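For reference, the chains in residue letters:
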Amino acid sequence: MIPALMPNYNRADLAFERGEGAWVWTTDGRRFLDFGSGIATSSIGHGHPHLVKAIAEQAARVMHVSNLYRVPQAEELAARHVAHSFADSVFFCNSGAEANEGMVKAVRKYHAENGHPERYRMICFEGAFHGRTLGMIAATGNAKYLEGFGPPVDGFDHVPFGDMNAVRAAIGPQTGGIMIEPVQGEGGVRPADLRFLRELRTACDEFGLLLALDEVQTGMGRSGKLWAHQWAGIEPDVMSSAKGIGGGFPLGAVLAKEHVAKHLKPGTHGTTYGGNPLACAAGNAVLDVVLADGFLDQVDRVARKLWFGLEAMAHRHPTVIEGVRGAGLLLGIKLVPEVTNGEAQNAAVAEGLLTVAAGMNVLRVAPPLIIGDAEVDAALEMLDRTMRRLTPSTAKAAAK
Ligand SMILES: *Cc1c(COP(=O)(O)O)cnc(C)c1O
């Protein structure tokens, strides 16, 4: 018989009842070091007192009123995001896919309002992940996610990641923008070259296109800067955010320059929950922590420590690990073809460490941003023991 909870996930048989910092405890009393952060989402760890207090206090006062009214918590959060980013204006929603939908709608509206409704197409990249709505599975373009869901939504053209010649060749009279993750997360923790990002900005300026960045996974400090595109020294026209922005509370956002945002007039776009007092109280609390003096410097410092530790580990286990990649605290361990990332993920669980599989046979390491040296050392030890469990020959034996 079908389970009451729809069977659309492949869940590990672990249930957590409590968390503190980077650690979580299962209902049967086992402790795990969480280097997956619920897919790069529990950005300031579990049970952070400042976030817990903000949510509890706001919940007791008023949770939801709808966007029929002013929401001071949303006004404050938007103003703070504007002060700390390229953006002039912010729209709040509830998830990454919804933020990307808003972002693509904003790009289309911009061109329509400027007399070019035909420029509705986005150039996207192979290996991308933009979410699971009908629109965003088309933007993602991966056949695995599209299959069985009818004709893909029109308007997304895919080119190889990092290939500037292919981008330029794909730009046509109907192209309105370029949509890219600064580091492909689900696709395999693949960072875009900073030079490639700059060249995309240049091409957008040259052809009157909008640069639309999907920073759902890379943003909110995960790269060691508030937004990953800052490493390239460029600014997008519009950007999506979600995951870490609410620290585990569902919150998404579209951040935009004025020339894009000004066309989203009343009635053009909306959401019932988006930016409600409770979600924005969470967002403000997360921002308090991430913007505190020295916080991002500390993220950058522990990220480098983790990176060098993983590199050293890769050298110790050349029969299991092909290489290490990523940015900041979004890192990937690319495994040899003989060892699957699923096996590696299970082996890590056996050592007490939570990680997340990603595409291209990569094991993703994305700890909460609040970790210190002790957590990095503990994770590196667990991962080293994980890799020792995973000699290619034992992996094959296990598969038999
Ligand atoms: C997770 C993710 C999404 C989708 O976010 P949801 O909240 O699951 O809808 C979109 N883009 C990127 C880059 C992501 O990592």
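Residue indices begin from 1 for each chain and proceed along its sequence in written order. Where totals are concerned, whole chains, interfaces and linings use all residues; where local detail is concerned, this predicted model gives features only for residues with pLDDT of at least 70, and gives and counts side-chain atom pairs only at 80 or more. Hydrogens and waters are ignored; side-chain quantities use all the structure's heavy atoms.

### Describing unusual backbone geometry
Then step 1. The backbone of Lys-243 sits at a positive phi, close to 35°, despite the residue not being glycine.
Then step 2. Strands here mean DSSP runs of E at least two residues long; helices mean DSSP runs of H or I at least four residues long; both are numbered from the N terminus. By the secondary structure assignment, Lys-243 is in the loop between strand E11 (238-241) and strand E12 (252-256).
Then step 3. Phi angles above zero are rare outside glycine, and Asn-361 is one such case at about 55°.
Then step 4. Structurally, the position occupied by Asn-361 is in the loop between strand E16 (356-358) and strand E17 (362-365).

### Section: the site of the ligand
Then step 1. Note on terminology: near, applied to a residue and a molecule or strand, indicates that one of the residue's heavy atoms is within 4 Å of it. Surrounding the ligand, one finds Ser-95, Gly-96, Ala-97, Asn-100, Phe-129, His-130, Gly-131, Glu-181, Asp-214, Val-216, Gln-217 and Lys-243.
Then step 2. The backbone of Gly-96 places a nitrogen or oxygen atom 2.8 Å from an oxygen atom of the ligand.
Then step 3. N or O atoms closer than or at 3.5 Å make up a polar contact, with two conditions inside protein: a donor-capable atom paired with an acceptor-capable one, and, for residues adjacent in sequence, both atoms drawn from side chains. Asp-214 has a polar side-chain atom sitting 2.7 Å from a nitrogen atom of the ligand.
Then step 4. Coverage of the ligand by the protein chains reaches 82% of its 380 Å² of free accessible surface.
Then step 5. Sorting elements by how many residues they give to the shell around the ligand places helix H4 (residues 96-113) first, with three residues.
Then step 6. Amino acid classes used here: Ala, Val, Leu, Ile, Met, Phe, Trp, Tyr, Cys and Pro are nonpolar; Asp, Glu, Lys and Arg are charged; the rest, including Gly, are polar. Across the shell around the ligand, the residue classes break down as three nonpolar, six polar and three charged. In short, Shrake-Rupley with a 1.4 Å probe defines the accessible areas, and a residue's cover is counted only from the protein chains shown.

### Quick word on the packing of helix H3 (residues 72-83) against helix H10 (residues 277-291)
When two helices pack together, their arrangement is captured by the angle between the axes and the distance separating the axes.
Then step 1. Two elements in contact, H3 and H10, have axes whose closest approach is 8 Å; the angle formed by their N-to-C orientations is 35°. Relative to H10, the crossing made by H3 is left-handed. On H10, the residues that touch Gln-73, Ala-74, Glu-76, Leu-77, Arg-80 and His-81 of H3 are Pro-277, Cys-280, Ala-281, Gly-283, Asn-284, Leu-287 and Asp-288.
Then step 2. For the contact of H3 with H10, a count of residues per class yields six nonpolar, four polar and three charged. Axis angles are defined between N-to-C directions and span 0 to 180 degrees, where every axis is a line fitted to C-alpha atoms and, for a helix, only to the segment in contact. Crossing handedness is read from the near helix: turned anticlockwise from the far helix by less than a right angle, it gives a left-handed crossing, and turned clockwise, a right-handed one. We call two residues contacting when some pair of their heavy atoms lies within 4.5 Å.

### Quick notes on the domain arrangement of the protein
Size of an interface: often given as the accessible area lost when the parts come together.
Then step 1. According to the domain assignment, the protein contains domain 1 (16-34 + 294-399) and domain 2 (49-290).
Then step 2. In this entry, domain limits derive from an automatic or database-based domain assignment. Computed over C-alpha atoms only, the centres of domain 1 and domain 2 are separated by 28 Å.
Then step 3. Every contact between the two is made by 22 residues of domain 1 and, on the other side, 20 residues of domain 2.
Then step 4. As used here, buried area is the combined drop in accessible area, with a 1.4 Å probe, of two parts when they are placed together. Of the roughly 1,600 Å² buried at the junction of domain 1 and domain 2 (both faces included), carbon and sulfur atoms supply 62%.
Then step 5. When the buried area of domain 1 at its contact with domain 2 is split by residue, Leu-296, Leu-330 and Arg-364 rank highest and sum to 34% of it.
Then step 6. The term salt bridge refers to a pairing of a side-chain nitrogen on Lys or Arg with a carboxyl oxygen on Asp or Glu at a separation within 4 Å. Where domain 1 meets domain 2, there are one salt bridge.
Then step 7. In this structure, Arg-364 engages Glu-186 in a salt bridge whose closest nitrogen and oxygen atoms are separated by 2.7 Å.
Then step 8. Applying the counting rule to domain 1 against domain 2 returns seven residue pairs in polar contact (both at pLDDT 80 or more).
Then step 9. When contributions to the side of domain 1 that touches domain 2 are tallied by element, the ones reaching two or more residues are helix H11 (295-316), strand E13 (321-327), strand E14 (330-335) and E17.
Then step 10. It is H11 that provides the largest number of residues to the side of domain 1 that touches domain 2, a total of five residues.

### What about the sheet that holds strand E3 (residues 31-34)?
The strands making up a sheet are joined through hydrogen bonds of the backbone, oriented either antiparallel or parallel.
Then step 1. When DSSP finds at least two bridges between two strands, those strands are taken to pair. Spatially, E1-E2-E3-E15 is the arrangement adopted by the four strands of the open sheet, whose pairing is mixed. Of all the strands in the sheet, just strand E1 (16-20) and strand E15 (353-354) have a single pairing partner and so form its edges.
Then step 2. As paired elements, E3 and E15 share two bridges and run parallel to each other. The residue bridging Asp-34 from the neighbouring strand is Leu-354, located in E15.

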